[in-house]
Each structure stands twice: as C-alpha cells, then as structure tokens.
Amino acid sequence: MKVLVPIKRVIDYNVKVRVKADNSNVDLANVKMAINPFCEIAVEEAVRLKEAGIATEVIAVSIGSKSCQEQLRTALALGADRAIQIETDESLDSINVAKLLQKIVEEEQPQLVILGKQSIDSDNNQTGQMLAALTGMAQGTFASAISIDGDKVNVTREVDSGLQTIALNLPAIVTTDLRLNEPRYASLPNIMKAKRKPLVVKPAADFGIDLTARTNLIKVTPPAERKAGIIVKSIDELVEKLKNEAKVIS
Amino acid sequence: MSILVFAEHDNSELKADTLKTVAAAQAMGGEIHLLVAGHNCQAIAEAASKVNGVSKVLVADNAAYEHQLAENVSLLVTELAADYTHIIATALTTGKNFMPRVAALLDVTQISDIIAVESSDTFVRPIYAGNAIATVQSLDNKKVITVRSTGFDAVATDGNAEIVAVDQVTDAGISSYVSEKLSVSERPELGAASVIVSGGRGMQNGENFKLLDGIADKLGAAIGASRAAVDAGFVANDMQVGQTGKIVAPDLYIAVGISGAIQHLAGMKDSKVIVAINKDAEAPIFQVADYGLVADLFDALPELESKL
Ligand SMILES: Cc1cc2nc3c(=O)[nH]c(=O)nc-3n(C[C@H](O)[C@H](O)[C@H](O)COP(=O)(O)OP(=O)(O)OC[C@H]3O[C@@H](n4cnc5c(N)ncnc54)[C@H](O)[C@@H]3O)c2cc1C
Ligand SMILES: Cc1cc2nc3c(=O)[nH]c(=O)nc-3n(C[C@H](O)[C@H](O)[C@H](O)COP(=O)(O)OP(=O)(O)OC[C@H]3O[C@@H](n4cnc5c(N)ncnc54)[C@H](O)[C@@H]3O)c2cc1C
C-alpha cells in the first residue's frame, strides 16, 4: 500500500520566536527552520511500515514556497521514496491546506495518510482531521501506536484520560503524537541519495481550488511577562512565603 | 446570533471545562445552546441544564455517540449547525478530534485554542508555544472555534434550561471503538486542580514519583509531568503538561526536577504562583518561577512534605 505523508516547514523547536516591533507577525528572518517534529515522526512511521513490508511506497508532500524543498529532502533522506511540493508563497489557512492535500489524495490514492497532530508554529491541530472529513475517511488522531490488520488499521490514541484504541476502515488518516516512535537520524549516504530521489513541483494555482483567505491576522503581540521571582534559601522560607505572601496554601 | 456549545463529558460527569467554554460563548454574545452527545447520558443533560447562560440543552443519546467517535459526532454537529452562527467546543482531546471535521464539512477554517474574545468574529490565540499571541479575525460565515479553558472563568450553575432530545442518529460506520486504558486516580484532574505538583527527568524513575504523593495529598494537588518523564516511562501520557500535552493554570504549580524548556513552559506559565525546585541554579525554569529553591529534590521533597 501507498502511504502519503504531508510535512510542514516550521521554526526549529529549540528557537524562541520574537514578535516584530510593528506587531504585524513574528520575525522569521534568519531563523533556523526545520521539519515539524510531529511530521518527522509521521515520516518515520511510514518508513517503518515500508521496512516491515506493509507499505510499498512512501510519498512526502509539502505545501509552501521553494524553501520547503529542504524539508522534503530531509523526508527523502529519512526514507521516503519521492516528494511533491505544492508551490505557494501564501500562508494558507488549514482548510485550504487540507483541500490541496485532498487533490493529492485523489491523484495518488494512498491507503494511509500520516500527518503530524499539530505544527509547532501555528499550533492549530486541525489539518489531518479536515483532510479526513474532505476525503470521507476515518481518522485516528494523536496516535501512539498503529497496526495494520487486513482492511483495517488499529490506532491507539493519547487522550486526556489515558489511552483509547479504535479501529478504522482503510483508507484512513492518522495523526502522530510524540510517543509513536523515535525518528532516526538521516545518515550521510542517505542524505546524498535523497538528492537524486524524484521531487516534483506543482503550482498551487493549478489545482483549481479557491484559496481565498478565511482569516485575517490583525496583530501579533508578545505574551505578558511574568514579574521576576526570588530564590528562597530553605524549605522553611518557601513554606512561609507560600502561606503569608502568595497565600496559596494554608 | 446563536451559539452551539459542545458539552465535554464522559457519560458520567459533565466536565467543569464546559462552564468556562460557556463563558467564552457569552463573551461572543447571543443565545447559547448546549449539546450533550453520548450514551446513557441523561445525568449529563440534567447537569447541563443548570449551567448559567444556557437556554436549551440538546441531548443526542445513542450508542453511536458513546465513545464520541469523531466520524459520528462531526456528522451530528454538522447537521445541527444549520441553526447556529457559532459552533464551539473545549480544546481538549474530544473537541480537538472532531471539531476540525465539522469545520471542513461546513467549508470553514477553525480558530483553534482561543484564550480571549474580542468580538463575535475576532479572537485571541497563542501561537509558537505561547511565545506570541495572535489576534485573528474569522472571515467565514460560520465560526468553528475551540476554547482553551484556562482563558476563561467558569459560569455559575444555578440555571434552569429546557432539555430537548435530538432524534437523528448519524453513524458513519467507518470507525469503531476497541478498548481503552484509563488512568485511575483519586486525585483531582490536571485541568480542574488548584494545585499541581509536576516531576521531570530529575525524578530519575517512576518509583520516585511517590515522593510527590505525600505533598500532593497534603495540598489536594494533581500530579503532572514533563515530556521527558513521560517518554522515559516514569508516568502515564495523560500527565504531560506542555505545548503538546495539557495546558494548565492552577493557583500553585510546583515544578520539581524540570528544566523549563519552552514546550513545558507553554503548558503552565499562566499559573498564578510557580515554584521551582531544581539543583541547577541556571535552569530556565527559575526565570518564570515566583519562588525558586536550588536544591537536590531528594533532600527537598521529604522536608517539604514534613513542613506542610
Ligand atoms: C499568526 C497566525 C495565526 C493563524 N491562525 C490561523 C487560524 O486561526 N486558523 C487557521 O486555519 N489558520 C491560521 N493560520 C494559518 C496557519 O499558520 C497555517 O498556515 C495553516 O493553518 C496550515 O495548517 P497548520 O500548520 O496550522 O496545521 P496543523 O493542523 O497544526 O498541522 C498538522 C499537520 O498538517 C500537515 N500540514 C500542515 N501544513 C502543511 C503544509 N503546508 N504542507 C504539508 N502538510 C502540512 C502536517 O502534517 C502537520 O503536522 C494562522 C497563521 C498565522 C501566521
Ligand atoms: C515537538 C515537541 C513537543 C514537546 N512538547 C512538550 C510538552 O508538551 N511538555 C514538555 O514538558 N516537554 C515537551 N517537549 C520536550 C521539551 O523540549 C523538553 O525536552 C522537556 O520538557 C524536558 O523535560 P525535563 O525538564 O523533565 O528534562 P530535562 O530538560 O532533562 O531537565 C531535568 C532537570 O532536572 C534537574 N535535576 C536533575 N536531578 C535533580 C535532582 N536530584 N534534584 C533537583 N533537580 C534535578 C536538572 O538540573 C534539569 O534541570 C517537546 C519537545 C518537542 C520537540
């Protein structure tokens, strides 16, 4: 079976973002970018399915400007077979990202689509679920384990109260949580090999979808600063402060 | 304007977060209806009818909704959506799961995880792990929104709304429930606790989390954890606090053996008072702590327990 993995280029998770002085957005100039960590987990899972003889082909797809080819090459170095870039310079709303991905699903007919549960920049946590609705597929979000079982996939999900396992008819959509796997590091030979793997570019405009913005970003501001605290010398002092100054314990 | 709020529950208890989500709905303005979708959930409907500000409770009680499978619940909510301008749910795992499906079926985008309401179409939400706060206007004709409950104060529960049964049953038939492994604890839930004691990698193993038990008992606290502690298998996944775990804002948050990575801070830095116990004076957690104690946790925790 074919597995499709949509990946997003985002700020590196170690970088603390700054807001632009004019409050128009965050400042991403000269900031280190990387593949969204949850997408990396998605690629790893797809590659493991291929190594287990379950998947036949792993296709990575990213929607973004030319620079996201860097992250597609990362996915290829991790073991994806080929890549598709849907080229746009706009920051698209999730519904429009999902509609473009729906077109790729129609073209490629994957049995499984694995996405990240959320991107660590916009923290939306919605694209996979939207794609599932648009394609009429079942979804297993926040996955910490998946197993293919004939024409179904069992997905164990991280939910607020613990773990839930559900069974989905294939084709299906899965979104990854942190505990699904630990992604490998790409080896140097695989990074070299990735440069020769196929990567096709398709302009977003060619899909005939109305990509009009559904949101208007009014402003971006820094969060409220917490006022500086103090270092206490002892447990006695800590307990005294919590009782008499902060008044949070009695 | 009319607003449909999805009631968060587990068929046995209406979650207190729902009261905060209703507060968010009130800030948008308009008539508010609560939807209870579940199975054998009449008690939830009764509780929902007491939530202030709600004029009607819709009850969809059917086996198809027992486990709130996204495929089934999203079809139900999408059908009901015809009568509403705003569809709202709490940004917990159930709402996060099915709401974007509703948005896509209605051909709108979702505004996720809002922490404040500016007007009926403009909302405030954290982005980049809370390191930036965006004000976003929705241009869609229907608004599909999830609410981060820590941003709102709960409404009271002395109301008396009418309860109406919803008869249509929407079963997509493409997914089914297999099993669950729930964490059982006598302690308050992380989202509802006024005090939280969290342990990180510094706890070294799951056994040592017992050192937090005595303190949590004395303070009536919930116990949380960092991702590192969960990944290492010390404690269960549902205890993870952070950008990609649970977002909490208790009166008192005590971080023990947690370094203070931005992803962890994203989940707890709106707590009223933060205490950090860490042996490394340079740990970033001290930058957000009101009270920091530089100490070995294996000495500090027994002493703290004895002095509370
Ligand atoms: C300040 C600001 C606020 C915004 N607020 C909103 C908002 O409220 N609602 C909204 O809809 N949009 C919003 N956007 C647009 C948003 O940033 C994204 O461009 C868009 O929503 C894409 O989805 P996501 O990254 O949020 O996806 P998520 O749902 O968080 O990501 C889940 C997964 O979807 C896949 N995915 C996401 N994007 C791509 C991509 N480009 N290519 C391939 N796969 C992808 C990945 O597998 C990813 O792991 C906002 C943008 C900014 C700058
Ligand atoms: C995509 C993504 C999402 C993430 N989401 C989350 C999230 O939601 N929540 C989260 O928490 N993290 C998250 N992380 C992980 C985060 O980046 C950090 O790795 C993690 O928070 C570190 O956990 P820690 O503080 O317990 O461990 P460490 O950073 O290893 O810190 C351990 C601390 O314990 C102290 N210590 C050790 N021994 C003792 C002792 N005897 N006495 C006192 N102090 C001691 C050390 O000084 C150190 O400061 C995420 C990361 C990524 C990439």
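Our structure's up above, just so we're on the same page.
Every value quoted in this text rests on a predicted model; they were computed, and no experiment measured them.

### Side note on the site of ligand 2
Taken together, 30 residues are adjacent to ligand 2, and Arg-201, Ser-226, Gln-240, Ser-259 and Asn-278 of chain B come closest. Neighbouring residues of ligand 2 are not confined to one chain but are distributed across chains A and B. In the environment of ligand 2, an oxygen atom lies 2.9 Å from a nitrogen or oxygen atom belonging to the backbone of Arg-227 of chain B. The backbone of Gly-245 of chain B places a nitrogen or oxygen atom 3.4 Å from an oxygen atom of ligand 2. Coverage of ligand 2 by the protein chains reaches 86% of its 990 Å² of free accessible surface. Elements supplying a minimum of two residues to the shell around ligand 2: helix H1 (37–51) of chain A together with helix H6 (227–231), helix H7 (262–268) and helix H8 (297–307) of chain B. Residue classes in the shell around ligand 2 are distributed as 12 nonpolar, 13 polar and 5 charged.

### Digging into the interface of chain A and chain B
The interface is formed by 77 residues belonging to chain A together with 80 residues belonging to chain B. Where chain A abuts chain B, roughly 6,600 Å² becomes buried across the two surfaces, and 54% of that area is made up of carbon and sulfur atoms. The largest per-residue losses of area from chain A upon contact with chain B belong to Asp-160, Arg-226 and Ile-235 of chain A, which jointly make up 12% of the total buried on that side. Taken together, the connections running from chain A to chain B amount to 6 salt bridges. Between Arg-214 of chain A and Asp-140 of chain B there is a salt bridge; the shortest N-O distance is 2.9 Å. Elements supplying a minimum of two residues to the side of chain A that touches chain B: helix H3 (94–108), helix H4 (127–135), strand S9 (138–149), strand S10 (152–159), strand S11 (162–169), strand S14 (215–221), strand S15 (230–232) and helix H6 (235–244) of chain A. Here the side of chain A that touches chain B gets 8 residues from one element, more than from any other, and that element is S11 of chain A.

### A word on the side chain of Gln-69 of chain A
Topologically, Gln-69 of chain A is positioned in helix H2 (residues 69–78). With residues up to four places along the chain from it excluded, the contact list for Gln-69 of chain A reads Gln-85, Leu-199 and Val-201 of chain A.

### Points about H3 of chain A
Between its terminal C-alpha atoms H3 of chain A stretches 21 Å, which fits the 21 Å expected from 15 residues at 1.5 Å a residue. Among the 15 residues in H3 of chain A, 12 count as buried, and that is most of the element. Among the residues of H3 of chain A, Ser-94, Ile-95, Asn-96, Val-97, Ala-98, Lys-99, Leu-100, Leu-101, Gln-102, Ile-104, Val-105 and Glu-108 of chain A are the ones counted as buried. Residues of H3 of chain A that are buried make contact with strand S1 (2–6), strand S6 (57–64), strand S7 (82–87), strand S8 (112–116) and H4 of chain A together with helix H4 (93–105) of chain B.

### Considering the sheet that holds S15 of chain A
Strand order in the open sheet made by the 6 strands is S15(A)-S16(B)-S15(B)-S14(B)-S12(B)-S13(B), with parallel pairing throughout. Looking at the sheet topology across the chains shown, the edges are occupied by S15 of chain A together with strand S13 (222–225) of chain B. The average undirected angle you get between the axes of adjacent strands in this sheet is 25°. Against the sheet, helix H5 (residues 210–219) of chain B contacts strand S12 (195–199), S13 and strand S14 (252–256) of chain B, and its axis sits at roughly 175° relative to S12 of chain B.

### Some thoughts on the site of ligand 1
Neighbouring residues of ligand 1: 30 residues in total, closest Pro-6, Lys-8, Ser-94, Ser-119 and Asn-124 of chain A. At ligand 1, the nearby residues belong to more than one chain, namely chains A and B. Within the backbone of Gly-116 of chain A, an N or O atom sits 3.1 Å from an oxygen atom of ligand 1. Residue Arg-125 of chain B places a side-chain N or O atom 3.4 Å away from a nitrogen atom belonging to ligand 1. Relative to its unbound accessible area of 920 Å², ligand 1 is 94% covered by the protein chains. Mapped onto the shell around ligand 1, the elements with two or more residues apiece are S6, H3 and S8 of chain A together with strand S5 (110–114) and strand S7 (122–127) of chain B. Here the residues of the shell around ligand 1 are counted per class, giving 12 nonpolar, 15 polar and 3 charged.

### Remarks on the packing of H3 of chain A against H4 of chain A
All names here are of chain A. Relative to each other, H3 and H4 sit at 50°, their axes nearing to 9 Å. In terms of orientation, H3 and H4 fall into the oblique class. H3 and H4 meet at a crossing whose hand is right-handed. Touching Ser-94, Ile-95, Val-97, Ala-98, Lys-99, Leu-101, Gln-102 and Val-105 of H3 are Thr-127, Met-130, Leu-131, Leu-134 and Thr-135, all from H4.

### As for the sheet that holds S7 of chain B
An order of S14(A)-S8(B)-S7(B)-S6(B) is seen for the 4 strands of this open sheet, with the pairing classed as antiparallel. The sheet is open, and its two borders are formed by S14 of chain A together with strand S6 (116–119) of chain B, each paired with just one other strand. With strand direction ignored, the average angle separating the axes of adjacent strands in the sheet is 30°.

### Observations concerning the packing of aromatic side chains
Centre distance and the angle of the planes are the two values used to describe a pair of aromatic rings. Across all of its chains, the model carries 2 aromatic pairs over all chains by this definition. In this structure, Lys-117 of chain A is placed above the aromatic ring of Phe-142 of chain A, and the distance from its NZ or CZ to the ring centre is 5.8 Å.

### A closer look at H1 of chain A
Residue and element names in this part refer to chain A. Taking 1.5 Å per residue as the helical rise, H1 with its 15 residues ought to reach 21 Å, and the 21 Å between its terminal C-alpha atoms agrees with that figure. Turning to H1, its buried residues are Phe-38, Cys-39, Ile-41, Ala-42, Val-43, Glu-44, Glu-45, Ala-46, Val-47 and Leu-49. The first or second residue beyond H1 is Gly-53, which carries a positive phi of 80°.

### Some points on unusual backbone geometry
Apart from glycine, the bulk of residues carry a negative phi angle, and the bulk of peptide bonds sit in the trans form. Residue Leu-170 of chain A is joined to Pro-171 of chain A through a cis peptide bond whose omega torsion reads 0°. For Pro-171 of chain A, the position within the fold is in the loop between S11 and strand S12 (172–176). One non-glycine residue, Asn-40 of chain B, adopts positive backbone phi at about 50°. On the secondary structure map, Asn-40 of chain B appears in the loop between strand S2 (31–38) and helix H2 (42–49). A relative accessible area of 60% places Asn-40 of chain B in the exposed class. Non-glycine residue Gln-68 of chain B carries a positive phi angle of around 50°. With respect to the secondary-structure elements, Gln-68 of chain B resides in the loop between strand S3 (56–61) and helix H3 (70–80). Gln-68 of chain B gets classed as buried once you look at its relative accessible area, which sits at 9%.

What counts, and at which threshold
Here the residue numbers are simple positions, counted from 1 along each chain's written sequence. Think of it this way: whatever chain is written first is A, whatever ligand is written first is 1, and the rest follow in order. Note on the predicted model: pLDDT of at least 70 is required for a residue's local features to be given, and 80 or more for side-chain atom pairs to be given and counted; whole-chain, interface and lining totals, by contrast, use all residues. Heavy atoms from the whole structure form the basis of all side-chain values; hydrogens and water molecules are not counted. Definition of nearness: a residue and a molecule or strand are near each other if at least one heavy atom of the residue lies within 4 Å of the molecule or strand. Polar contacts, as counted here, are pairs of nitrogen or oxygen atoms within 3.5 Å of one another; within protein the pair requires one atom able to donate a hydrogen and one able to accept it, and residues that are adjacent in sequence qualify only if both atoms are side-chain atoms. Per-residue and other accessible areas were derived by the Shrake-Rupley procedure at a 1.4 Å probe size, with only the shown protein chains allowed to occlude residues. Segments assigned H or I by DSSP are reported as helices when at least four residues long, segments assigned E as strands when at least two residues long, and all are numbered from the N terminus. Three classes are used: nonpolar for Ala, Val, Leu, Ile, Met, Phe, Trp, Tyr, Cys and Pro, charged for Asp, Glu, Lys and Arg, and polar for all others, with Gly counted as polar. Here, residues are in contact when the closest pair of their heavy atoms is within 4.5 Å. Defined in terms of a 1.4 Å probe, buried area is the accessible area two parts forfeit on being brought together, summed over both. For this analysis, a salt bridge means a side-chain nitrogen from Lys or Arg found within 4 Å of a carboxyl oxygen belonging to Asp or Glu. Here the expected span of a helix is defined as 1.5 Å times the quantity of residues minus one. Think of it in three bands: residues with accessible area under 20% of the maximum for their type are buried, residues over 50% are exposed, and the middle band is partly exposed, with areas taken using a 1.4 Å probe on protein chains only. Two strands are said to pair when DSSP picks up at least two bridges between them. Here, axes are lines fitted to C-alpha atoms. For helices the fit covers the stretch in contact, and angles between N-to-C directions go from 0 to 180 degrees. Every angle not falling under 35 degrees, over 145, or within 65 to 115 is termed oblique; those three ranges are roughly parallel, roughly antiparallel and roughly perpendicular. Handedness of a crossing is defined here by the sense of rotation of the near helix relative to the far one, left-handed for an anticlockwise turn of less than a right angle and right-handed for a clockwise turn. A pair of Phe, Tyr and Trp rings is counted when the ring centres sit within 6.5 Å of each other, with Trp represented by its six-membered ring. The angle between the planes then sorts it: under 30 degrees is stacked, over 60 is edge-to-face, the rest tilted. Our definition puts a charge over a ring when NZ of Lys or CZ of Arg is within 6 Å of the ring centre and also within 35 degrees of the ring normal.

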